[in-house]
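# Examination of the molecular architecture
Now for the letters of each chain:
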Amino acid sequence: MQRRQFVRHTIAGCLGLVYLPSGLRKTGPGLRRPPLLTPGDRVALVAPGSAPAPEKIDIALHNIQTLGLVAREGRHLRVQKGFLAGTDEQRLSDLHAAFADPDIRAIWCIRGGYGCTRLLPHLDYKLIRGHPKALIGYSDITALHLAMLRKTGLMTFHGPVAYESLAPTALESLRRRLFEGLAAPWQPDPEHPFTVRGGTARGPLVGGNLSVLAAMAGTPWAPDFRRAVVALEDIGEKPYRIDRMLTQLLQATNLGAAAGILLGDFTDCEAKAGEPSQTLAEVFEDRLGGLGIPVIGGFPMGHINHQLTWGYGEIREIAAR
């Protein structure tokens, strides 16, 4: 991302991002917090989207052990059906079994990858509401997070998937969130801070992967962006595709009524040298700069190994000058 150039041509003083701690431990009205974890708790390892490579399962098991937890593999974790981790029925079965099992205290998605949106009409929301547990993941797991928040009020966690090689900061952020209920103060990437539009935003956190959000627009599980702080990230999407997806959200949802927008990491999303294209910074300015709400970026979330964990629906207050 050509953010350094962007910083020189945007709001003066945008390097002075301020993160206000007042909302870190609060939640929105009616939000259901999952129980905190303790060492030795059992965690279900599931694959609700695409299938993991066998060697990645070993990494996931190591990560769970590093956190002092005990892994229980979903029955169909190692099944593959084309680009999916088994049939819809198999992936649903593992999710439902994890929520229903009283010995399972949390559910960690081993990876994202396409497939989660196929499950949304068939999830047992009554079961999930009656057995609140921490669900962890990002990317395509965005679909599960948003559907569960909308249909059950359950706070789930946008954080690393289990098969990633995690930086110490990511592992510690996840541990503090799951064991202590603490939200780490967000610090912008010191190499790439930027602001599209300054101001203060306060509201419940929603959002996640931009591609998934665009795909969910118009469905019964799409989020309500009104007065929310909307976090966005993606990977491998060129600027014109980012433009197209933001335009879809602006035309099909109430994104313009959000309290503010946070931009995470957009990995490998710039055009190649010589291609006729806007930069990502120019796309964000064009699509989001005129909404009249704070739009700030440089946050450690997305397809990076040092991302911080945050809870869906928790109240955050942030500001940028």
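Please read all numbers here as calculations on a predicted model, not as lab measurements. One numbering rule holds for all chains: residues counted from 1, following each sequence as written. Reporting in this predicted model follows two pLDDT cut-offs: at least 70 for local features of residues, and 80 or more for side-chain atom pairs to be given and counted; totals over whole chains, interfaces and linings ignore these cut-offs and use all residues. The basis for every side-chain value is the complete set of non-hydrogen atoms in the structure, without hydrogens or water.

As a further point, take the overall build of the protein chain. Starting at the N terminus, helices and strands are each numbered in turn, a helix being any DSSP run of H or I of at least four residues and a strand any DSSP run of E of at least two. On a plain count of helices and strands, the protein chain comes out with nine helices and 13 strands. Each residue is placed in one exposure class: buried if its accessible area under a 1.4 Å probe, protein chains only, is under 20% of its type's maximum, exposed if it is over 50%, and partly exposed if it falls in between. Going through the 321 residues of the protein chain one by one, you find that 59% of them count as buried. Contacts are residue-level and defined by heavy atoms, with any inter-residue pair within 4.5 Å sufficient. Once local pairs closer than 6 in sequence are excluded, the contacts in the protein chain between residues at least 24 apart make up 84%. In the form shown here, the protein chain has an accessible surface area of approximately 13100 Å², with 51% of it arising from carbon and sulfur atoms. Here, Shrake-Rupley sampling with a 1.4 Å probe gives the accessible areas, and only protein chains in the shown set may cover a residue.

Glancing now at the sheet that holds strand 12 (residues 310-311). A pair of strands is treated as paired once DSSP finds two or more bridges between them. With mixed pairing, six strands are arranged side by side in an open sheet as 3-2-4-5-6-12. The two strands at the open ends of the sheet, each matched to only one other strand, are strand 3 (70-73) and strand 12. Looking at chain direction, strand 2 (residues 42-46) and strand 4 (residues 104-109) are connected through five bridges and run parallel. When the sheet's bridge partners are listed, Leu-45 is paired in strand 4 with Trp-108.

Moving on: the pattern of salt bridges. The term salt bridge refers to a pairing of a side-chain nitrogen on Lys or Arg with a carboxyl oxygen on Asp or Glu at a separation within 4 Å. Per the stated rule, a full pass over the model turns up 14 salt bridges. Connected through salt bridges with shared partners, the residues Glu-172, Arg-175, Arg-176 and Glu-180 form a single ionic network.

Their axes nearest at 9 Å, the elements helix 8 (residues 239-252) and helix 9 (residues 280-288) cross at an angle of 15°. As the angle between them shows, helix 8 and helix 9 are arranged roughly parallel. Seen along the crossing, helix 8 lies across helix 9 with a hand that is right-handed. Here helix 8 contributes Pro-239, Ile-242, Asp-243, Leu-246, Thr-247 and Leu-250 to the contact with helix 9, which in turn contributes Leu-280, Val-283, Phe-284, Asp-286, Arg-287 and Leu-288. Looking at the contact of helix 8 with helix 9, its residues break down into eight nonpolar, one polar and three charged. Note on definitions: angles span 0 to 180 degrees between N-to-C directions of axes, and those axes are lines fitted to C-alpha atoms, for helices only across the stretch in contact. When describing relative orientation, an angle under 35 degrees is termed roughly parallel and one over 145 degrees roughly antiparallel, while 65 to 115 degrees is termed roughly perpendicular and anything else oblique. For a crossing to be left-handed, the near helix must be turned anticlockwise from the far one by less than a right angle; the clockwise case is right-handed. Ten residue types, Ala, Val, Leu, Ile, Met, Phe, Trp, Tyr, Cys and Pro, are classed as nonpolar, four, Asp, Glu, Lys and Arg, as charged, and the remainder, Gly among them, as polar.

Between rings of Phe, Tyr and Trp, where Trp is taken as its six-membered ring, a pair exists when centres lie within 6.5 Å; planes separated by under 30 degrees are stacked, by over 60 edge-to-face, and by other angles tilted. With the rule as written, the count across this model stands at three aromatic pairs. Centre to centre, the rings of Phe-83 and Tyr-114 are 6.0 Å apart; their planes meet at 55°, and the pair counts as tilted. A residue pair is termed long-range when its members are at least 10 positions apart, and Phe-83 in the loop between strand 3 and helix 3 (88-100) and Tyr-114 in the loop between strand 4 and helix 4 (125-130) qualify at 31 residues. Judged by relative accessible area, Phe-83 falls into the exposed class, the value being 56%. The class for Tyr-114 is partly exposed, based on a relative accessible area of 42%. Summarising the aromatic geometry, the rings of Trp-310 and Tyr-312 are spaced 4.6 Å apart at their centres and angled 40° between planes, so their arrangement reads as tilted. With respect to burial, Trp-310 and Tyr-312 carry one shared label: buried. Geometry around Tyr-163 places Lys-56 over its ring, the cationic atom sitting 5.2 Å from the centre. The rule for a charge over a ring is simple: NZ of Lys or CZ of Arg within 6 Å of the ring centre, and within 35 degrees of the ring normal.

This part is about helix 6 (residues 168-180). Under the convention used throughout, the expected extent of a helix is 1.5 Å for every residue step, that is, one less than its residue count. In this model helix 6 runs 17 Å from its N-terminal to its C-terminal C-alpha over 13 residues, within 8% of the 18 Å that 1.5 Å per residue would give. Regarding helix 6, the residues found buried are Ala-170, Leu-171, Ser-173, Leu-174, Arg-177, Leu-178 and Phe-179. One or two residues past the end of helix 6 sits Gly-181, with phi positive at roughly 70°.

A positive phi angle, close to 60°, is found at Ser-139, a residue other than glycine. Residue position: Ser-139 is located in the loop between strand 5 (134-137) and helix 5 (142-152). Note on Ser-139: relative accessible area 10%, which makes it buried. The backbone of Asp-268 shows a phi angle near 55°, a positive value even though the residue is not glycine. With respect to the element layout, Asp-268 can be found in the loop between strand 10 (260-267) and helix 9. Assessed through its relative accessible area of 55%, Asp-268 is described here as exposed.

This part covers the side chain of Lys-133. With respect to the helices and strands, Lys-133 occurs in the loop between helix 4 and strand 5. Despite its burial, Lys-133 pairs with no opposite charge, the nearest such side chain being Asp-101 at 5.8 Å. Polar contacts, as used here, are pairs of N or O atoms within 3.5 Å; protein pairs need one atom able to donate a hydrogen and one able to accept it. Residues neighboring in sequence count only if both atoms are side-chain atoms. There is a polar contact of 2.7 Å between the side chain of Lys-133 and the backbone oxygen of Ala-98. There is a polar contact of 2.5 Å between the side chain of Lys-133 and the backbone oxygen of Asp-101. Not counting residues up to four positions away in its chain, the partners in contact with Lys-133 are Pro-34, Ala-98, Phe-99, Ala-100, Asp-101, Pro-102, Ile-104, Arg-105 and Leu-154. Neither His nor the chain ends is counted toward charge; the positive residues are Lys and Arg and the negative residues Asp and Glu.

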